[in-house]
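# Structure at a glance
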Amino acid sequence: MKIFSNTLLFKRITILVSFIIVSLILWNTYTFFQKFKHEERIKMEILATAQKEIASDTNLDANVDLPLKIIENNSNIPMILVNDKGEIEYFQNLDSVKASNPKYLEKQLIEMKAENEPIEVSYKGKNKQFIYYRNSDLLNRLTYYPIALILILFLFLSVIYMFYNSNKVAETNQIWTAMAKETAHQIGTPLSSLLGWIAILKMEKVDDKYVAEIEKDVSRLNTIANRFSKIGSTPELEKENVVAVTKQAFDYLESRSSKQISFSFSTTDAEIYTNLNTELFGWVIENLIKNAIDAMLGKGQLQLTIENTAKKVKITITDTGKGMPKKLFKQIFKPGFTTKKRGWGLGLSLSKRIVADYHKGKIFVQKSEIEKGTTFEILLDKV
């Protein structure tokens, strides 16, 4: 509980810090943008003053180098000078080729009017002119700066989250592996004792039928222990007849299931070979059959079919249960996901891991209809 509380606190602090950083970035960028925009406004007002100085100077011999220098130094702010009739008299920092087209200049003028208030240039209220201007390219690029920073921050936080999440998954896997191996170890002690009791029962000449059934269940417990002991380690695969392995698991559950369920087993060939770990693959078949039985609430039809194709072995398990919507086809294989009121939601995720990771095969929901049933399919490479 303490670990969970610390993790939750860490997440909340991370979210809060990220929010503060993003807010500061946006605020500082906005402040800088407004300051830069104001400085450009001042620059254009100085340019307007220089323009006014040139227009109002009646002395032909007067030195106008400074006003001209000011006007020429505007190399980054697009501007258009118009007279009081709205006619364009002069422009700067626009595409010289496109500017030969009057429509281009009119369009630029409309954009400038929308962006900034004009600056009036006049001499004693006469010969009025107006300077319209647009934000410089540098100022326009600055508007995208916070977006770039937020994206970088988002990527950084995503990397941290994925790193944290992968560590958490790895830690969880280690816990489950340790629990599985400990379970196998704990089962081993009573198993040894049961084997001793079976030997005593045989010596006491107890009915062989009873002893045989006990031996089956002890053998079953031994198989379960071996399965748990293999979790977390790479299992050894051997060339096996998948039909025989599947039939063994099928028969075991058929003999111990409700008689209201009609079991059907069919195969195209009696022997189809593939690389298997018989104990783990049997576990997969049992998980699928048990899920089918649960979906039918102990009553219905269950059909298992093995088909020998050109390169693959195809195993399908079909039930007449409650079915599921298509949106759950992939979710049901995620650890912890279950539609049952009871259960850990580990059976199908473990089955997928055994088939996909250990046997390099595929397992998926082939089809499913609500209140009609579901078909699971397993594909394995032949040898």
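Residues numbered from 1 in each chain as written. Predicted model: local features only at pLDDT ≥ 70, side-chain atom pairs only at ≥ 80, totals over all residues. Heavy atoms only, no water.

To continue, consider the sheet that holds strand β10 (residues 362–369). Spatially, five strands are ordered β6-β8-β9-β11-β10 in an open sheet, and the strand pairing comes out mixed. The open sheet has two edge strands, β6 (261–267) and β10, and neither has a second partner. Across this sheet, the average inter-strand angle for adjacent strands is 15°, counted without regard to direction. As paired elements, β6 and strand β8 (residues 300–308) share seven bridges and run parallel to each other. Within the sheet, the bridge partner assigned to T267 lies in β8 and is I306. Relative to β6, helix α7 (residues 242–255) is tilted by about 170°, and along the sheet it contacts β6, β8, β9 (312–319) and β11 (373–381). (Pairing = 2+ DSSP bridges. Helix = DSSP H or I, 4+ residues; strand = E, 2+ residues; numbered from the N terminus. Axes fitted to C-alpha atoms, helices over the stretch in contact; angles between N-to-C directions. Contact = heavy atoms within 4.5 Å.)

Attention shifts here to the pairing of β9. With seven bridges connecting them, β8 and β9 associate as antiparallel partners. Residue pairing for β9: T305 is matched across the bridge by T316. Remark: three residues form the turn of the hairpin made by β8 and β9, two consecutive strands paired antiparallel.

Before going further, it helps to spend a moment on helix α9 (residues 347–358). In a regular helix each residue adds 1.5 Å, so 12 residues correspond to 16 Å; α9 covers 16 Å between its end C-alpha atoms and thus fits that length. Within the span of α9, buried status applies to L348, S349, S351, I354, V355 and Y358. Immediately beyond the C-terminal end of α9, within one or two residues, lies K360, with a positive phi of roughly 55°. (Expected span 1.5 Å × (residues − 1). Buried < 20%, exposed > 50% of the residue type's maximum accessible area, 1.4 Å probe, protein only.)

This brings us to the pairing of strand β1 (residues 79–83). As a general feature of sheets, a regular strand has side chains that alternate between the two faces. Across the five residues that make up β1, a large majority, five, are buried. Burial along β1 is two-sided: the residues M79, L81 and N83 and I80 and V82 are all buried. Bridging between β1 and strand β2 (residues 88–92) involves four bridges; their strand directions are antiparallel. Counterpart to V82 in the pairing with β2 is I88. The turn joining β1 and β2, which pair antiparallel and follow one another in sequence, is formed by four residues; a positive phi near 85° is taken by G86.

A few words on the pattern of salt bridges. Under the definition given, this model contains seven salt bridges. Where K202 meets E215, a salt bridge forms, and the shortest distance between an N and an O atom there is 2.7 Å. Residue K202 is found in helix α5 (residues 145–203), and its partner E215 is found in helix α6 (residues 208–230); the two are separated by 13 residues along the sequence. (Salt bridge = Lys/Arg side-chain N within 4 Å of Asp/Glu carboxyl O.)

Moving on to the layout of surface pockets. What the second largest pocket holds in volume is close to 370 Å³. Together, 17 residues line the second largest pocket, and R220, T223, Q248, A249 and E286 are the ones closest to its centre. Looking at the lining of the second largest pocket, the elements that each hand over two or more residues are α6, α7 and α8 (278–295). With six residues, the single largest contributor to the lining of the second largest pocket is α6. Here the lining of the second largest pocket is composed, by residue class, of three nonpolar, six polar and eight charged. (1 Å grid on protein atoms, 1.4 Å probe; cavity = no way out; pocket = protein on both sides within 12 Å on 5 of 7 lines; lining within 4 Å. Points joined across faces, edges and corners; volume = space filled by probe spheres on them. Nonpolar A, V, L, I, M, F, W, Y, C, P; charged D, E, K, R; others polar.)

Counting residues in each nonpolar core, the largest one holds 40 residues, and the members touching the most others are V242, F281, I289, L302, I315 and I378. Counting only elements with at least two residues in this core, the list comes to α7, β6, α8, β8, β9, α9, β10 and β11. With residues near it in sequence (within four places) discarded, F281 still touches V242, V245, T246, L276, I315, I354, H359, I378 and L380. If you look at the next biggest cluster of nonpolar residues, it comprises 12 residues, including A48, L81, I119 and V121. (Core = buried A, V, L, I, M, F, W, Y, C linked by side-chain atoms within 4.5 Å.)

On to the confidence of the model for the chain, then. Chain-level statistics for the chain give a pLDDT mean of 82 and a share of 85% at 70 or above. No element of the chain has a lower mean pLDDT than α5, which averages 72, and none a higher one than β9, which averages 97. (pLDDT = per-residue confidence, 0-100.)

It is worth spelling out the side chain of E40 at this point. Structurally, E40 is set in helix α1 (residues 2–56). Buried E40, no salt bridge; nearest opposite-charge side chain is K37, N-O distance 6.6 Å. Of the polar contacts made by the side chain of E40, one reaches the side chain of S136; its length is 2.4 Å. Among residues more than four places away in sequence, those in contact with E40 are I77, N135, S136 and L139. (Lys, Arg positive; Asp, Glu negative; His and termini not counted. Polar contact = N/O pair within 3.5 Å; in protein donor to acceptor, adjacent residues only side chain to side chain.)

Between α8 and α9, the shortest axis-to-axis distance is 9 Å and the interhelical angle comes to 145°. Handedness of the α8/α9 crossing: left-handed. Two secondary-structure elements touch here, α8 through L280, F281, W283, V284, N287, L288 and N291 and α9 through G347, L348, L350, S351, I354, V355 and Y358. Taken together, the residues of the contact of α8 with α9 break down into 10 nonpolar, four polar and no charged. (Left-handed = near helix turned anticlockwise from the far one by under 90°.)

Our focus in this paragraph is a nonpolar patch on the surface. Together, L9, I13, V17 and I21 make up an exposed nonpolar region whose accessible area comes to about 330 Å². Among the secondary structure elements, I21 is positioned in helix α1. (Patch = residues over 30% accessible without salt bridge, like charges linked within 9 Å, V, L, I, M, F, W, Y side chains within 5 Å. Areas by Shrake-Rupley, 256 points an atom, 1.4 Å probe, with all protein chains shown as cover.)

For the rest of this paragraph, the subject is the packing of aromatic side chains. Across all of its chains, the model carries four aromatic pairs by this definition. Taking the centre distance of 6.0 Å and the plane angle of 20° together, the rings of F32 and F36 count as stacked. Of this pair, F32 and F36 both sit in helix α1, four residues apart, which is roughly one turn of the helix. Among the residues examined, F32 registers a relative accessible area of 46% and is labelled partly exposed. Between F333 and F376 the ring centres are 6.3 Å apart and the planes differ by 85°, which places this aromatic pair in the edge-to-face class. Of this pair, F333 sits in the loop between β9 and α9 while F376 is found in strand β11, placing the two residues 43 residues apart along the sequence. Each member of the pair, F333 as well as F376, carries the same accessibility label: buried. Clustering of aromatic rings is evident, with ring pairs tying together F250, F263 and F265. Above the plane of the ring of Y132 lies K113, whose end atom (NZ or CZ) is 5.4 Å from the centre. We note K352 situated over the ring of F333; from NZ or CZ to the ring centre the distance is 5.3 Å. (Phe/Tyr/Trp six-rings, centres within 6.5 Å; stacked < 30°, edge-to-face > 60°. Lys NZ or Arg CZ within 6 Å of the ring centre and 35° of its normal.)

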